[in-house]
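Structural overview
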Amino acid sequence: MNLELERKNTISKYYEQESSLPKKIKENLLNIEIELYGLIDLNESMEFQSSWLVLGENTLYLFKKNGEEHVLDTKLLITSISRIKEHQSLSSSKYEFLTADDMPPLLSVHFTGRQKIVLGHIKYLIETKMKSVKYNKPKDWNPDVEYQKAVLKHLNEAQSTLSDKQGKTFLRLVGYLKPYKKDVFWGTVGAICSTLSALLPAYLTGRLLDTVIKPFQEGGLQKTLAMNAAWRILAAIFLVFILKEVFSYMRLSKMSLMGEDVAMDLRTELFSHLQKLGLDFFGRKQTGSIISRVSSDTDRIWDFVAFGIVEVGIALVTLISLSAVLITLDWKLGLAMSLPVPILLLSIYYHGERMQKLFIRAWRKWSDLTNVLSDTIPGIQVVKAFNQEEKEIDRFNQSNDDVTGEFKSVHYAWTKFWPLLMMGIQVIVMTVWILAIPRLISEEGTTDYLSLGTFVSFLLYVTMFSQPIEVIGQMARMLNRALSSAYRIFEILDTSPSLKNGRTILKKGELKGDIEFKNVSFSYDGVRKVVCGINFRVLPGEMIGLVGSSGGGKSTITKLIARFFDVSTGEIIIDGKNLRELEVGSFRKQVGMVLQDPYLFHGTLVDNIRYGLPDVSLKKVIEAAKIANAHEFIMSFELGYETIVGERGHTLSGGERQRISIARAILHDPKILILDEATSAVDTETERKIQDALDKLIEGRTVFAVAHRLSTLRKANRIFVVDKGEIKETGTHNDLLKKKDGLYNKLHRMQQEMSENFV
Amino acid sequence: MTTELLDIRLFLKENNQLYLSGLKDIFENKEIEVNIKKCFPWSHQDKFLSFRNKDDEEVLLLPDINQLDDRSREDLLQFLSQSDFMMKITDIISIEEEVELRNFKVITSSGIRNIQTKLDDWPKILKNGSVMIQDLCGDTFVILSIEHLESAARKLIGTYVS
Ligand SMILES: Nc1ncnc2c1ncn2[C@@H]1O[C@H](COP(=O)(O)OP(=O)(O)OP(=O)(O)O)[C@@H](O)[C@H]1O
Ligand SMILES: [Mg+2]
């Protein structure tokens, strides 16, 4: 489907708001280039409305609804605005466009969170215009698209495949069976044959009674003949039983094996797709939820493909053919038996719907319980440190009680319903008896006469009725579960990587390490700017120190360089090329990162050091470890480099982990090196050692080093002081110290005082 | 809690902005324009208000609004009433679940509205009995009291808040 159409549909379906600027307004502004627009969905008395805020090159327009039409209400020249003041309340936001601080605002608008991102963009655009900073819009800028994307951002992050219908999801799932057409065919043949052959024994039993036993008892058949005939029929019944099991073996083996294949295909596709997704995706989904999609959701699909589809199919075939057989055997009894079936099915269905509500309640309590678990188990150190074991036990017991209560009411509802349903079936059976008995006791030859054999076949068939009814009754729920699993899987598969990969592939050694930021801004959530309009140029081989207050945006700047995220506006230029044009993989290969809390994988130290370069020689691994000052502590372990570090490397200390990760970076020989507080978790002695290691490491590379201790940055060519997303000061250590009231000077003074106070 | 009056003045000016004066030590009694953020916006609306200057830095933390003189408090409340808006749900038309999303169709103090939450974001029940729903975009919707809803709406929400 056309993407724009899809976005429009989603906006109107979920938000019931216009999916682009009304035509009438566009016509009103024909000779103006619209840069961006947004919906103002609250009026002054906080009622929903639809006014539109439209930004032109140097004017801001507000169109209000008057009857059916939108009419121009306010027109503001950007130059008349001195400040845009933002108020945030729990359910809305307000912008006030001020001309001077002590004057009433020129314009104020109220709106809800849904409109906040796009209006935030408008605010940002106006503010850059006010500062008369030149701002280059991307070539393919389209206000409609920008508006739609911004409005849908939160919704799309929560669920990527909003427009898919259930039927479409089902077809897509069936599409995964395509490579296994042959198996599907033989599996289906097996299923149908085994179902049909299950119908035969009851029929044959009736025949045995009517054509052999009754004639013999009435003296119409010789004993030997009767015996022979009886054995033959019995042998046939036995043969049918064997055939039935052979067919069901055929079905089960084909289907369950194929189910595994389908589940495996899904898992493979999911995992490789996950590896392509950006960090923003992992930031907004819970790890548990992603893991369960790869593990339990694919397992549910297996269940569905292997058993679900077939069971339902078999149940349907059984019910229909049973009814057909019964009606041909004896249409009166047959109808008495089959007509009430739809009523039973419906009652099962409605009961299922009612159960759904109970399940939601139980599920909510269940998620409370798992929350207690996932809080306290990883956080057990904190629990113990604060002596909260008793309290956590209470909390758990409370949740446990709640869950048990809910599940009990689920079971209560089931246990009440089930005997009722069975009772319904018994009533039908009784009706059949009541109808049959007068006919059994009537004379042979009369129109109403019912033979004993037919009746026995009938009774045997009746016992086969309840199981398919049960299966079909559960079908809706089972289908729902499988579809929602499929949906969750497809949702990930449909999330497109937020980073568009570039074309230019960098060969090893081709990167020089020239980095330029041009007016770069960035926001994680689309609303709050974490980096605002940063400009700098760093030459190959330079070492840059990043200092500044916590939360200022230092780590974010380094993540932008490594292209973990794309900038919101502005450009990052590497060696004269836009970072977006470079192929991400080949670029990152030449970027090394040492993070504050390095992540080690479960495995040996040597594998952790050469992660990403499995073929590198052991000699080099040891050399790198030596440079990183890790060799000594590694050798203090009994198993040396083959020591297994636990999950996340938790058996190592923070400083040890950092040195392993420095060794990792050394081995990669990157052109651009990023050290994010690489020495924050170690004692002074080790810091010295790591510092020495780093000093060897930084030669010939462009280095960005984030540090809180300024002494770490003594080798830096320049230092950037980052505060509230902006670079406030730049220069060498000495330059910066000269600014008496500068931020750097202040930092430096404080650190000196601290070390002086210490003596 | 004892509530001793603080020696500060708050007043609304014609431009609808709130001003604070009286912080001798820091601002030498100059009037400064302030904005207000609440420390506990859900559960304690009139306690622990953070007064912030234009750069969004805290200039004063007010533990309780009863520590203001009457006129200051009046001005403060009036200022808050403009910026302090919370949508109240008065009726619930439907609640539907789909993969990853829960759709509420509700009637609020501002009109009819579709709101979406994540499936694992359950409505939160506060101590005072009100129910808070925070939608995907971060807006808060409140049901002040479940008892006062129509019985159909009560039934719908009952599944989520018992
Ligand atoms: N993944 C994320 N999603 C949303 N916001 C984030 C994310 N990472 C960081 N932030 C926010 O961005 C801001 C800047 O964070 P950043 O990590 O760049 O700060 P920093 O300067 O490195 O701080 P520190 O010195 O404490 O490491 C912070 O306010 C933080 O809350
Ligand atoms: Mg950081």
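Thresholds applied
- Residues numbered from 1 in each chain as written.
- Chains lettered and ligands numbered in written order.
- Predicted model: local features only at pLDDT ≥ 70, side-chain atom pairs only at ≥ 80, totals over all residues.
- Heavy atoms only, no water.
- Buried < 20%, exposed > 50% of the residue type's maximum accessible area, 1.4 Å probe, protein only.
- Helix = DSSP H or I, 4+ residues; strand = E, 2+ residues; numbered from the N terminus.
- Pairing = 2+ DSSP bridges.
- Core = buried A, V, L, I, M, F, W, Y, C linked by side-chain atoms within 4.5 Å.
- Contact = heavy atoms within 4.5 Å.
- Buried area = accessible area lost by both parts, 1.4 Å probe.
- Salt bridge = Lys/Arg side-chain N within 4 Å of Asp/Glu carboxyl O.
- Polar contact = N/O pair within 3.5 Å; in protein donor to acceptor, adjacent residues only side chain to side chain.
- Nonpolar A, V, L, I, M, F, W, Y, C, P; charged D, E, K, R; others polar.
- Domains from an automatic or database assignment.
- Patch = residues over 30% accessible without salt bridge, like charges linked within 9 Å, V, L, I, M, F, W, Y side chains within 5 Å.
- Areas by Shrake-Rupley, 256 points an atom, 1.4 Å probe, with all protein chains shown as cover.
- Axes fitted to C-alpha atoms, helices over the stretch in contact; angles between N-to-C directions.
- Parallel < 35°, antiparallel > 145°, perpendicular 65-115°, else oblique.
- Left-handed = near helix turned anticlockwise from the far one by under 90°.
- Near = heavy atom within 4 Å.
- 1 Å grid on protein atoms, 1.4 Å probe; cavity = no way out; pocket = protein on both sides within 12 Å on 5 of 7 lines; lining within 4 Å.
- Points joined across faces, edges and corners; volume = space filled by probe spheres on them.
- Phe/Tyr/Trp six-rings, centres within 6.5 Å; stacked < 30°, edge-to-face > 60°.

Residue and element names in this part refer to chain B. Most of strand β7 (residues 101–108) is tucked away, with six of its eight residues classed as buried. Sheet topology places strand β6 (residues 87–98) next to β7; eight bridges connect them, and they run antiparallel. For E97, the partnering residue across the bridge sits in β7 and is R102. Between the antiparallel neighbours β6 and β7 lie two residues, among them E100 with a positive phi of about 70 degrees. Two elements, β7 and strand β8 (residues 111–118), share eight bridges in a ladder whose sense is antiparallel. The partner of T108 across the bridge, within β8, is G111. Connecting the antiparallel pair β7 and β8 is a turn made up of two residues.

Residues and elements named next belong to chain B. With mixed pairing, the six strands of this open sheet are ordered in space as β8-β7-β6-β11-β10-β9. Unpaired on one side and paired on the other, β8 and β9 (124–125) mark the two borders of the sheet. Here four bridges tie strand β10 (residues 131–134) to strand β11 (residues 140–143), and the two strands are oriented antiparallel to one another. Bridged to V131 within β11 is I143.

Residue and element names in this part refer to chain A. One finds V54, L60, F97 and I126 to be the most contacted residues of the largest nonpolar core, which totals 44 residues. Taken together, the elements giving at least two residues each to this core come down to α1 (3–15), β1 (36–42), β2 (48–55), β3 (59–66), β6 (93–98), β7 (107–111), α3 (116–130) and α4 (143–158). Ignoring sequence-local partners within four residues, the contact set of I126 consists of L55, L60, I78, I81, I84 and F97. Within the second largest apolar cluster, 40 residues are counted, among which are A663, L667, I690 and L710.

What follows covers the interface of chain A and chain B. Listed per partner, the contact involves 52 residues of chain A and 48 residues of chain B. For the chain A and chain B pair, buried surface summed over both sides reaches about 4,100 Å², with 50% attributable to carbon and sulfur atoms. Along the contact surface separating chain A from chain B lie five salt bridges. Viewed at the interface, chain B and chain A are joined by 22 residue pairs in polar contact (both at pLDDT 80 or more). Residue contributions to the side of chain A that touches chain B peak at seven residues, all from helix α11 (residues 341–376) of chain A. Classifying every residue of the side of chain A that touches chain B by side-chain character gives 16 nonpolar, 13 polar and 23 charged.

Residues and elements named next belong to chain A. By the assigned domains, chain A splits into domain 1 (3–158) and domain 2 (515–758). The centre of domain 1, based on its C-alpha atoms, is set 40 Å off from the matching centre of domain 2. Taken together, the seven residues of domain 1 in the interface contact eight residues of domain 2. In this assembly, domain 1 packs against domain 2 so that about 620 Å² is buried in total across both faces, 54% of it on carbon and sulfur atoms. For the pair domain 1 and domain 2, the number of links is one residue pair in polar contact (both at pLDDT 80 or more).

The next thing to look at is a nonpolar patch on the surface. All names here are of chain A. Nonpolar side chains collect at one region of the surface, where M430, W433, I434, I437 and I441 lie side by side and expose about 520 Å² of accessible area between them. Take I437: it is sitting in helix α13 (residues 389–440). Of the residues examined, I437 reaches a relative accessible area of 38% and is grouped as partly exposed.

Attention now goes to the packing of helix α9 (residues 287–329) of chain A against helix α10 (residues 331–338) of chain A. Residue and element names in this part refer to chain A. The contact between α9 and α10 brings their axes to 5 Å, and the two run at 150 degrees. Classed by the angle they form, the pair α9 and α10 counts as roughly antiparallel. Classified by chirality, the crossing of α10 by α9 is right-handed. Listed contacts from α10 to S323, L326, I327 and L329 of α9 are W331, G334, L335, M337 and S338. Broken down by class, the residue content of the contact of α9 with α10 amounts to six nonpolar, three polar and no charged.

Okay, the site of ligand 1 next. Residues and elements named next belong to chain A. Neighbouring ligand 1 are 13 residues; S550, G551, K554, S555 and T556 lie closest to it. Here G553 contributes a backbone N or O atom positioned 2.8 Å from an oxygen atom of ligand 1. Considered on its own, ligand 1 offers 630 Å² of accessible surface; in the complex 65% of this is hidden by protein. Among the elements that make up the shell around ligand 1, the one with the highest residue count is helix α16 (residues 554–561) (three residues). By residue class, the composition of the shell around ligand 1 is two nonpolar, eight polar and three charged.

With that settled, the discussion passes to the pattern of salt bridges. Residue and element names in this part refer to chain A. Under the counting rule described, the total for this entry stands at 38 salt bridges over all chains. A salt bridge links K24 to E69, with the shortest nitrogen-to-oxygen separation between them at 3.9 Å. Taken as a pair, K24 in helix α2 (residues 23–28) and E69 in strand β4 (residues 69–77) lie far apart in primary sequence, 45 residues in all. Take E69: its relative accessible area is 40%, and that puts it in the partly exposed class. Between R537 and D514 there is a salt bridge, with its nearest N and O atoms 2.6 Å apart. One end of the pair, R537, is in strand β9 (residues 529–538); the other, D514, is in the loop between α15 (466–494) and β8 (515–523), and 23 residues separate them in sequence.

What follows is about unusual backbone geometry. Residues and elements named next belong to chain A. Even without glycine at this site, E16 takes up a positive phi of about 50 degrees. Inspection of the secondary structure assignment puts E16 in the loop between α1 and α2. The residue K724 is not glycine, and still its phi comes out positive at about 50 degrees. Looking at where K724 falls in the secondary structure, it is placed in the loop between β18 (718–723) and β19 (726–731).

All names here are of chain A. Applying the stated criterion to the full structure yields five cavities of 30 Å³ or more. Space inside the second largest cavity adds up to approximately 60 Å³. Surrounding the second largest cavity, R563, F565, D566, V567, G570, E571, I572, N578, L579 and R580 form its lining. Residue contributions to the lining of the second largest cavity peak at three residues, all from strand β11 (residues 569–574).

Now for the packing of aromatic side chains. Residue and element names in this part refer to chain A. Overall, the coordinates contain 26 aromatic pairs over all chains when judged by the stated rule. Aromatic side chains Y95 and F111 sit 5.0 Å apart centroid to centroid with 70 degrees between the ring planes, which places their arrangement in the edge-to-face category. Taken together, the residues span a long stretch of sequence, with Y95 in strand β6 and F111 in strand β7 at a distance of 16 residues. Its relative accessible area of 4% is what places Y95 among the buried residues.

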